[in-house]
Amino acid sequence: MAAVRAARRLFRSFSQVKNVQQNKRILLRCSVRTFCTEHEDNALSHNAKPQFTDPAVQDILSRITGLELEKVFRPIKQELKLPEYKLMTDEQLNQERFIVVREPSGTLRKASWEERDRLIQVYFPKEGRKLTPHPIFTEENMKMVFSQDRHEDVLDLCLVQFEPDSSDYIRVHAATYEDLEKHGKYDLLRSTRHFGGMAWYLLNARRVDGLIVDMLKRELLQDAVSLVSLFHMVHPHSESAQESALQQATGTDLLKIYAQKESQRSGYIELALQALEPAAAEESTAT
Amino acid sequence: MVHLSSFLQKQYHGGYVVIRLALAGHKQANRPFYRIVAAFNKRARDGKYIEQLGTYDPLPNIYNEKLVSFNYDRIKYWVGCGAHTTKPVAKLLGLAGFFPLHPMTVTEAERRRAQAAQTQASEAKDNTEEL
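Quantities reported herein were computed from a predicted structural model and do not represent experimental measurements. (Residues numbered from 1 in each chain as written. Chains lettered and ligands numbered in written order. Predicted model: local features only at pLDDT ≥ 70, side-chain atom pairs only at ≥ 80, totals over all residues. Heavy atoms only, no water.)

A.B. asks: How should unusual backbone geometry be read in this particular structure?
C.D. replies: Peptide bonds are mostly trans, and most non-glycine residues show a negative phi. Look at Arg-206 of chain A: it is not a glycine, yet its phi comes out positive at around 60°. Checked against the element boundaries, Arg-206 of chain A lands in the loop between helix H10 (195-205) and helix H11 (209-217). Here the phi dihedral of Asn-30 of chain B falls at roughly 60°; this positive angle occurs in a residue that is not glycine. Along the chain, the position of Asn-30 of chain B falls in the loop between strand S1 (17-23) and strand S2 (34-40). (Helix = DSSP H or I, 4+ residues; strand = E, 2+ residues; numbered from the N terminus.)

Given below as C-alpha cells:
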C-alpha cells in the first residue's frame, strides 16, 4: 500500500526530481589557480613580444615540423583495450578546486602547487598519470635515455605526467632541448608534436644556428626561411630583423642577412646557400 | 519539518536529516574509510543514505596528511534544509575553515600537549634515575 502510494507520488513528480550532482567534490586543501589570460591580451598588441600560442607563430611552427608519413604512422606498441565510455560533468572538466591545508600548529593555508597537483590526481585520476613521477625524470636516467636517442618517449611521458606550468615540466623540457641542441639531433623530433616546442625554446634562447644548419643540410630551404622570419617576429630589435625590414627581403635573402648579422656559423650557412642556389633558381623558374 | 525533493524514501515520523560519517565498508580489517553523508537520523550508520557529501580518511598517508574532501555546495543546501551535523563532522568542518573552529578541537589539543609534556617529564626522570 505504501509502495503504491510512493510509486504514484514518484510518477506525478517525475519532472520535479532534481539532478543530484554525485560527482562534484571539493577538496579540503585549497588554492585557486588563476588562468593566464593577461598574457594573451598582451600578445594582441603590436609592440609586445609574440607568444607561443599566436596563430601566426603556430602556423610557421607547424609548417617547419614537416609531415613524414612513415614516421607519423609508424606502429606503436599498445595494449589492446576495449573502448571505455566515461560520462563527465562540466564540473569534472573544470580545474578550479578549493584546497586548504591545516598545519599541526593550527594555521590554515592554501596548498602549494605540488600538493595541489598530487591531490587532484588522487581524487580525479587522469589517465596515464602516476602519483609519484616516473623514475625516468631524474638526472642520471635522463642522461642514459638521451644517449639511447629516446627523447620523444621522455617528452611524451612528461606531457602526460606534469601540468604545463609546473617546474618539473619546464625542467625536463629544457634538459631535453639542451641535449638535442648539443648533439645536433634535431631530426629525432622532426615530425612529432614536440618539434614546435623545441624550435620555440631555441628561438627564445637565440641559438637557432644549429637548427638552420641542419635544415640546410637536409635541403629544407623553405623551412629555414620560415624559421628566420619567425626569429625576426620574436626578436624585432635584433640587427638582422631591422636590416631585413629595411630591405624588405624575402626567401634566401633573409637567410643571407641572418647569416651575416646574427649567426656564429655564417660561413657554413653561406656555403650551403650557394650549394642550394641552383636548386632554388630551378624552382623559381618552374613556378 | 524537513521538506525533501525525492519521493523514493520512507517518510519518518519525527525523523530529521543528519550529516555524519558512515563507514565505507571496503571489507579490509583495520583499514577504516569514512564517507561524509547526508542521511536520515533513524537509518543504520552504514545503511541507505540520501546523498554523499565527501570523504574522510582517518589514517595519515606517506606525506603524513589526513585527506578530507567536502562538497561545499551540497552541504550548504542540506544545512539550509535543516540538517544537523554530528560532532566529528562539525570538528572536521571547523578544521577545514567552513565552520568556526570547534571548541573541543582546542581542548583536545591542549590535553594532548599536556599529556606529551607529562610523559616527557616522567621519561626524563626515569633516565636520570637509571644513570
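A.B. asks: What is the right way to read the side chain of Asp-57 of chain B from this model?
C.D. replies: Residue and element names in this part refer to chain B. Examined against the element boundaries, Asp-57 turns out to sit in the loop between strand S3 (51-56) and strand S4 (68-70). Take Asp-57: its relative accessible area is 14%, and that puts it in the buried class. Separated by 2.7 Å, the side chains of Asp-57 and Arg-31 make a polar contact. Dropping the residues within four chain positions of it, Asp-57 is found in contact with Arg-31, Pro-32, Phe-33, Lys-66 and Leu-67. (Buried < 20%, exposed > 50% of the residue type's maximum accessible area, 1.4 Å probe, protein only. Polar contact = N/O pair within 3.5 Å; in protein donor to acceptor, adjacent residues only side chain to side chain. Contact = heavy atoms within 4.5 Å.)

A.B. asks: Which parts of the structure should I look at to understand the pairing of S3 of chain B?
C.D. replies: Two faces make up the sheet, and in a regular strand the side chains alternate between them. Residues and elements named next belong to chain B. Among the 6 residues of S3, 6 are classified as buried, and the element is accordingly described as predominantly covered. Pairing between S3 and S4: 3 bridges, direction antiparallel. Counterpart to Tyr-56 in the pairing with S4 is Val-68. (Pairing = 2+ DSSP bridges.)

A.B. asks: Just to check I follow, could you spell out the packing of helix H9 (residues 167-183) of chain A against H10 of chain A for this structure?
C.D. replies: The geometry of a pair of packed helices is captured by two quantities: the angle between their axes and the separation between those axes. All names here are of chain A. Following both chains from N to C, one finds H9 and H10 inclined at 80°, their axes separated by 10 Å at the closest point. As far as their axial angle goes, H10 and H9 are roughly perpendicular. Each of Ala-174, Tyr-177, Glu-178, Leu-180 and Glu-181 in H9 lies in contact with H10, whose residues at this interface are Gly-197, Met-198, Tyr-201 and Leu-202. When grouped by side-chain class, the residues that make up the contact of H9 with H10 number 6 nonpolar, 1 polar and 2 charged. (Axes fitted to C-alpha atoms, helices over the stretch in contact; angles between N-to-C directions. Parallel < 35°, antiparallel > 145°, perpendicular 65-115°, else oblique. Nonpolar A, V, L, I, M, F, W, Y, C, P; charged D, E, K, R; others polar.)

A.B. asks: What should I look at first to understand the environment of Tyr-177 of chain A in this one?
C.D. replies: Residues and elements named next belong to chain A. Structurally, Tyr-177 is set in helix H9. Classification of Tyr-177 as buried rests on a relative accessible area of 5%. Spatially, the C-alpha atom of Tyr-177 lies 9.9 Å from that of His-194, the residues being 17 residues apart in sequence. The contact partners of Tyr-177, leaving out residues within four places of it in the chain, are Leu-155, Leu-189, His-194, Gly-197, Met-198 and Tyr-201.

A.B. asks: Which parts of the structure should I look at to understand the pattern of salt bridges?
C.D. replies: The final tally for this structure, using the stated rule, is 18 salt bridges over all chains. Residue Glu-181 of chain A is joined to Arg-207 of chain A by a salt bridge in which the shortest nitrogen-to-oxygen separation is 2.9 Å. One end of the pair, Glu-181 of chain A, is in helix H9; the other, Arg-207 of chain A, is in the loop between H10 and H11, and 26 residues separate them in sequence. Note on Arg-207 of chain A: relative accessible area 29%, which makes it partly exposed. Residue Arg-31 of chain B is joined to Asp-57 of chain B by a salt bridge in which the shortest nitrogen-to-oxygen separation is 2.7 Å. Placement of the pair is Arg-31 of chain B in the loop between S1 and S2 and Asp-57 of chain B in the loop between S3 and S4, with a sequence separation of 26 residues. Ionic contacts of the salt-bridge type, sharing partners, join the residues Glu-103, Arg-109 and Glu-115 of chain A into one network. (Salt bridge = Lys/Arg side-chain N within 4 Å of Asp/Glu carboxyl O.)

A.B. asks: Could you clarify how one ought to interpret the packing of aromatic side chains in this entry?
C.D. replies: The description of two aromatic rings rests on the distance between their centres and on the angle between their planes. Enumeration according to the criterion identifies 9 aromatic pairs over all chains in this entry. Here the aromatic rings of Tyr-12 of chain B and Phe-40 of chain B are separated by 4.8 Å at their centres, their planes lie at 55°, and the arrangement is tilted. Taken as a pair, Tyr-12 of chain B in the segment before S1 and Phe-40 of chain B in strand S2 lie far apart in primary sequence, 28 residues in all. The class for Tyr-12 of chain B is buried, based on a relative accessible area of 17%. Arranged with centres 5.1 Å apart and planes meeting at 70°, the rings of Tyr-77 of chain B and Trp-78 of chain B form a pair that is edge-to-face. Owing to a relative accessible area of 4%, Trp-78 of chain B belongs among the buried residues under this scheme. Put simply, the rings of Phe-70, Tyr-72, Phe-98 and Phe-99 of chain B pair up and form one aromatic cluster. In this arrangement the basic side chain of Arg-118 of chain A is found over the ring face of Tyr-63 of chain B, its NZ or CZ atom lying 3.8 Å from the centre. (Phe/Tyr/Trp six-rings, centres within 6.5 Å; stacked < 30°, edge-to-face > 60°. Lys NZ or Arg CZ within 6 Å of the ring centre and 35° of its normal.)

A.B. asks: What is the right way to look at the confidence of the model for chain A in this model?
C.D. replies: Low pLDDT means the predicted atomic positions in that stretch should not be read closely. Looking at chain A as a whole, the pLDDT averages 73, with 70% of positions reaching at least 70. Note on residues 14-46 of chain A: pLDDT is under 50 here. Beyond four places in sequence and across chains, it has 75 contacts. (pLDDT = per-residue confidence, 0-100.)

A.B. asks: Any chance you could explain the packing of H10 of chain A against helix H12 (residues 221-234) of chain A here in plain terms?
C.D. replies: Residue and element names in this part refer to chain A. It is the contact of H10 with H12, at a shortest axis distance of 10 Å, that shows an interaxial angle of 55°. One way to sum up the angle between H10 and H12 is to call them oblique. In this structure, H10 meets H12 at a crossing whose hand is right-handed. Contact residues: H10 offers Trp-200, Leu-203 and Asn-204, while H12 offers Leu-227, Leu-230, Phe-231 and Val-234. Split by residue class, the contact of H10 with H12 holds 6 nonpolar, 1 polar and no charged. (Left-handed = near helix turned anticlockwise from the far one by under 90°.)

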